[in-house]
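These are the residues of each chain, in order.
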Amino acid sequence: MKRRFGIRTLCSTALAVTAFSLSSALLAADAVKIGFLVKQAEEPWFQTEWAFAEKAAKDKGFELIKIAVPDGEKTLSAIDSLAANGAKGFVICPPDVSLGPAIMAKAKINDLKVIAVDDRFVDANGKFMEDVPYLGMAAFEVGQKQGAAMAAEAKKRNWDWKDTYAVVNTYNELDTGKKRTDGSVDALKKAGMPEDHILFAALKTLDVPGSMDATNSALVKLPGAAKNLIIGGMNDNTVLGGVRATEAAGFAASNVIGIGINGTDAIGELKKPNSGFFGSMLPSPHIEGYKTAEMMYEWITAGKEPPKYTAMDDVTLITRENFKQELEKIGLWN
Ligand code: FCA
């Protein structure tokens, strides 16, 4: 009797276990998979987007597949591997916006939905691919705020425009880059900076060494009267290298105002007690990462199409005075 009871218990336990593992296997097979592809995984900006997309994945219960795509070849093969893994869509900041048509063609063959983040796709004629949902910075406005912050700090230091010059590192190949530097130059001019005191230096690469090279090429063109310098660029890295170039050229920190954009990539610099890198315009990488991943999830699971264009225009100037508090507020201080 005792033995029979034992066997029956064993059988039902076995059945329960089978049912459980079946359902968890089904669940795993059913888990929605979403890719998040970024062009410069080494930038804290993109690591922050990833971290918050991961948070969305936990909250909503989907699986996030993060892939670094530094070039076109890696981008296209990443899309194939996402499809092979059963993903249903991906969010992407492409290494080159003109890859847009190739990315969309690959996504279509593999039946994957696409949302662009930060850098907007352009077609073969250089026109925005407006059909592809895009979320990114309101670039001109953010640039204007950056320029206004530079001018305000120059005013605070009682700088005279007569001996103040600006070096703006540009990356006009990328619309969001061009609009940001156009915006900052617009604000500097409106604040009274003479147009011929603004020097432009084209960036070859979007990293610190690239911006150091660009600024160096402009510094040699400065007139002897240049005492104070403003350093501009589309993000933190493109300003950080510029500031390094001013140090090498012998400018003291008190004679340099560099203000970047991103905030995330300037944390190490702002931890230093002093440098010509004065601050950064901090947008919302946490919201960008979370929201794009969430929009993709809702598109896949509920058929809710994301808006074609979402502009993020909220920025806060972070400096050595307030960066810790501002980053803490949005959960970015660690
Ligand atoms: C571009 C830049 C990044 C970041 C992002 C919002 O992709 O390369 O550093 O500023 O826009």
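Described in the following lines is the structure provided in the data block.

Cut-offs applied
Residues numbered from 1 in each chain as written. Predicted model: local features only at pLDDT ≥ 70, side-chain atom pairs only at ≥ 80, totals over all residues. Heavy atoms only, no water. Helix = DSSP H or I, 4+ residues; strand = E, 2+ residues; numbered from the N terminus. Buried < 20%, exposed > 50% of the residue type's maximum accessible area, 1.4 Å probe, protein only. Contact = heavy atoms within 4.5 Å. Areas by Shrake-Rupley, 256 points an atom, 1.4 Å probe, with all protein chains shown as cover. Lys, Arg positive; Asp, Glu negative; His and termini not counted. Charge placed at Lys NZ, Arg CZ, Asp CG, Glu CD. Polar contact = N/O pair within 3.5 Å; in protein donor to acceptor, adjacent residues only side chain to side chain. Near = heavy atom within 4 Å. 1 Å grid on protein atoms, 1.4 Å probe; cavity = no way out; pocket = protein on both sides within 12 Å on 5 of 7 lines; lining within 4 Å. Sits in = over half its atoms within 2 Å of the grid points. Nonpolar A, V, L, I, M, F, W, Y, C, P; charged D, E, K, R; others polar. Core = buried A, V, L, I, M, F, W, Y, C linked by side-chain atoms within 4.5 Å. Pairing = 2+ DSSP bridges. Axes fitted to C-alpha atoms, helices over the stretch in contact; angles between N-to-C directions. Expected span 1.5 Å × (residues − 1). Phe/Tyr/Trp six-rings, centres within 6.5 Å; stacked < 30°, edge-to-face > 60°. Lys NZ or Arg CZ within 6 Å of the ring centre and 35° of its normal.

Quick look at the overall build of the protein
Alright, step 1. Across its full length, the protein carries 11 helices and 12 strands.
Alright, step 2. Dimensions of the protein, computed from C-alpha atoms along their principal axes, come out at roughly 100 × 50 × 30 Å.
Alright, step 3. Relative to its 334 residues, the protein shows a buried fraction of 51%.
Alright, step 4. Considering only intrachain contacts with a sequence separation of at least 6, the fraction spanning at least 24 residues in the protein is 72%.
Alright, step 5. Roughly 15,800 Å² of accessible area belongs to the protein as shown, and the carbon and sulfur atoms make up 56% of that amount.
Alright, step 6. A gap of 7 Å separates the mean positions of the 39 positive and 42 negative side-chain charges of the protein.

Digging into the side chain of serine 184
Alright, step 1. Considering the arrangement of structural elements, one finds serine 184 in helix α6 (residues 175-190).
Alright, step 2. Here serine 184 falls in the buried class, since its relative accessible area comes to 1%.
Alright, step 3. Apart from residues lying up to four places away in sequence, serine 184 is in contact with Gly143, Gln144, Gln146 and Gly147.

Describing the environment of aspartate 71
Alright, step 1. Relative to the assigned elements, aspartate 71 resides in the loop between β2 (63-68) and α3 (72-84).
Alright, step 2. Considering only alpha carbons, one finds aspartate 71 and aspartate 160, 89 residues apart in sequence, at a separation of 44 Å.
Alright, step 3. A distance of 3.2 Å separates the side chain of aspartate 71 from the backbone nitrogen of glutamate 73, its partner in a polar contact.
Alright, step 4. In terms of polar contacts, aspartate 71 uses its side chain to reach the backbone amide nitrogen of lysine 74, at 2.8 Å.

Concerning the site of the ligand
Alright, step 1. Around the ligand, the surrounding shell consists of Lys39, Glu43, Trp45, Phe46, Cys93, Asp118, Asp119, Met137, Arg180, Met234, Asn235 and Asn262.
Alright, step 2. The contact in question runs from an oxygen atom of the ligand to an N or O atom on the side chain of lysine 39, over 2.9 Å.
Alright, step 3. The separation between an oxygen atom of the ligand and a polar side-chain atom of glutamate 43 is 2.7 Å.
Alright, step 4. Out of a free accessible area of 290 Å², the ligand has 100% covered by protein chains.
Alright, step 5. Here the ligand occupies the largest cavity.
Alright, step 6. A breakdown of the residues in the shell around the ligand according to their chemical character gives 5 nonpolar, 2 polar and 5 charged.

Digging into the nonpolar core
Alright, step 1. Among the nonpolar cores identified, the biggest contains 57 residues, and Phe36, Phe62, Leu222 and Phe277 are the most heavily contacted of them.
Alright, step 2. It is helix α2 (residues 44-60) that provides the largest number of residues to this core, a total of 7 residues.
Alright, step 3. Leave out the neighbours within four places in its chain, and phenylalanine 277 touches Asp236, Val239, Leu240, Val243, Gly258, Gly260, Ala266, Glu269, Leu270 and Arg320.
Alright, step 4. Counting 21 residues, the second largest nonpolar core, distinct from the first, contains Met150, Ala154, Trp161 and Ile230.

Details of unusual backbone geometry
Alright, step 1. You will see that aspartate 111, though not glycine, has its phi angle at about 55 degrees, which is positive.
Alright, step 2. Relative to the assigned elements, aspartate 111 resides in the loop between α4 (100-109) and β4 (113-117).
Alright, step 3. Positive phi, close to 70 degrees, is recorded for aspartate 118, a residue that is not glycine.
Alright, step 4. Among the secondary structure elements, aspartate 118 is positioned in the loop between β4 and β5 (134-137).
Alright, step 5. For aspartate 118, a relative accessible area of 6% translates into the label buried.

Section: the sheet that holds strand β11 (residues 309-312)
Alright, step 1. The sheet built from 6 strands is open, its strands ordered β2-β1-β3-β4-β5-β11 with parallel pairing. Two strands in the sheet have a free side with no partner beyond their single neighbour: β2 and β11. In this sheet, adjacent strand axes meet at a mean angle of 15 degrees when their direction is disregarded.
Alright, step 2. By the bridge criterion, 4 bridges tie strand β3 (residues 89-93) to β4 in an arrangement that is parallel. Note that in β4 the partner of isoleucine 92 across the bridge is alanine 116.

Focus on helix α5 (residues 139-156)
Alright, step 1. With 18 residues, α5 extends 26 Å from end C-alpha to end C-alpha; this agrees with the ideal 26 Å at 1.5 Å per step.
Alright, step 2. Three or more residues of α5 are buried, namely Ala139, Val142, Gly143, Gln146, Gly147, Ala149, Met150, Ala151, Glu153 and Ala154.
Alright, step 3. Just downstream of α5, asparagine 158 is the residue with a positive phi angle, here 55 degrees.

Focus: the packing of aromatic side chains
Two aromatic rings, taken as a pair, are described by how far apart their centres are and by the angle between their planes.
Alright, step 1. Under the definition given, this model contains 3 aromatic pairs.
Alright, step 2. Relative to tryptophan 333, the ring of phenylalanine 323 has its centre 5.5 Å away and its plane inclined at 75 degrees; by these criteria the two rings are edge-to-face. Of this pair, phenylalanine 323 sits in helix α11 (residues 323-329) while tryptophan 333 sits in the segment after α11, and the two are 10 residues apart along the sequence.
Alright, step 3. In this structure phenylalanine 323 comes out as buried when scored by relative accessible area, which is 8%.
Alright, step 4. The lysine or arginine in question, arginine 120, covers the ring of phenylalanine 128, its NZ or CZ lying 4.8 Å from the ring centre.

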